[in-house]
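Examination of the molecular architecture
Residue-level listing of the chains:
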Amino acid sequence: MRHLFAAVAAALITSLTAGPATAAEPVWERIPCTSGAIEVAATDETKDGVFLTLAGQLDCAEEKTAAAFGYGIYEPGRAEGLVYGSHLRPYAPAGASPFADRKRVPTGRVDFAICVVTDYLVRVECVRVVWDLLDHEIQARPLETTDPLVNRMVRLVSPDWGPRPVCGSCW
């Protein structure tokens, strides 16, 4: 009986003193790429919703690692931008690294920025997406990488969390 009591007490003490389980931080392999352009920032509306296409290229390549660049999403009122793991793209093994993605814009009033990012503080080029719903016209216009909306760090959100949680496959 004493042994049983000692075992239960030890298990209880261990469970009470152990810290909470935490998920490992996602890993983002990066290279210092600072040159490139968004050549297309176009919107279109279909019966399935409003879509934004971003296309362009980074003037960097990486053949030896799994380095990737991504799209940082910056919303007013957030302390940091977010890079969803599902938005990371590999660099080309040689030459420029082209990109082209078309995703749905969340429904409702919209005001956010998207930057092509290669590191936590490196924004290559940005666009601001605004849809005020009053005139039913969505706009995607160039935005300086030093604009206060985007001039902040991004945080990588694990691919396990999926794409932007609000609408599944949105920006």
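I will try to describe carefully the structure that is included in this document. (Residues numbered from 1 in each chain as written. Predicted model: local features only at pLDDT ≥ 70, side-chain atom pairs only at ≥ 80, totals over all residues. Heavy atoms only, no water.)

Glancing now at the pairing of strand S1 (residues 36-46). The sheet contact formed by S1 and strand S2 (residues 49-58) spans 10 bridges and is antiparallel. Directly across from Glu45, in S2, lies its bridge partner Val50. Once S1 ends, the chain turns through two residues before running back antiparallel as S2. (Pairing = 2+ DSSP bridges. Helix = DSSP H or I, 4+ residues; strand = E, 2+ residues; numbered from the N terminus.)

Right, let's talk about the sheet that holds strand S6 (residues 97-104) for a bit. Within the open sheet, the three strands sit side by side as S1-S2-S6. Their pairing is antiparallel. The open sheet has two edge strands, S1 and S6, and neither has a second partner. Averaged over all pairs of adjacent strands, the angle between their axes in this sheet comes to 10 degrees, without regard to strand direction. (Axes fitted to C-alpha atoms, helices over the stretch in contact; angles between N-to-C directions.)

Let us look at the packing of aromatic side chains. Considering all chains together, one arrives at five aromatic pairs under this definition. Between Trp28 and Tyr120 the ring centres are 5.2 Å apart and the planes differ by 80 degrees, which places this aromatic pair in the edge-to-face class. Residue Trp28 is found in the loop between helix H1 (2-17) and S1, and its partner Tyr120 is found in the loop between strand S7 (110-119) and strand S8 (122-131); the two are separated by 92 residues along the sequence. According to the relative accessible area criterion, Tyr120 is partly exposed, its value standing at 24%. (Phe/Tyr/Trp six-rings, centres within 6.5 Å; stacked < 30°, edge-to-face > 60°. Buried < 20%, exposed > 50% of the residue type's maximum accessible area, 1.4 Å probe, protein only.)

This part takes up the pattern of salt bridges. Summed over all chains, the structure comprises six salt bridges. Ionic pairing is found between Asp119 and Arg30, a salt bridge with its closest N-O pair at 2.5 Å. A residue pair is termed long-range when its members are at least 10 positions apart, and Asp119 in strand S7 and Arg30 in the loop between H1 and S1 qualify at 89 residues. Take Asp119: its relative accessible area is 22%, and that puts it in the partly exposed class. For Arg30, a relative accessible area of 36% gives the class partly exposed. With a closest N to O distance of 2.8 Å, Asp101 and Arg89 form a salt bridge. Of this pair, Asp101 sits in strand S6 while Arg89 sits in strand S5 (residues 89-90), and the two are 12 residues apart along the sequence. Residue Arg89 is classed as buried on the basis of its relative accessible area, which comes to 19%. (Salt bridge = Lys/Arg side-chain N within 4 Å of Asp/Glu carboxyl O.)

This part takes up the state of the cysteines. A covalent bond bridging the sulfur atoms of two cysteines is what the word disulfide describes. For the structure on display, the rule yields two disulfides. The side chain of Cys33 participates in a disulfide bridge whose partner is Cys60; the two sulfur atoms lie 2.0 Å from each other. Judged by the torsion about the S-S bond (90 degrees), the Cys33/Cys60 disulfide is right-handed. Here Cys33 is found in the loop between H1 and S1, whereas its partner Cys60 is found in the loop between S2 and strand S3 (68-74), with 27 residues between them in sequence. Cys60 shares its class with Cys33; the two are buried. Disulfide partner of Cys115: Cys126, at an S-S distance of 2.0 Å. Negative torsions about the S-S bond denote left-handed disulfides, and the value of about 105 degrees found for Cys115 with Cys126 makes this one right-handed. Linking Cys115 in strand S7 with Cys126 in strand S8, this pair joins segments that are 11 residues apart in sequence. Judged by relative accessible area, Cys115 falls into the buried class, the value being 0%. (Disulfide = S-S within 2.5 Å.)

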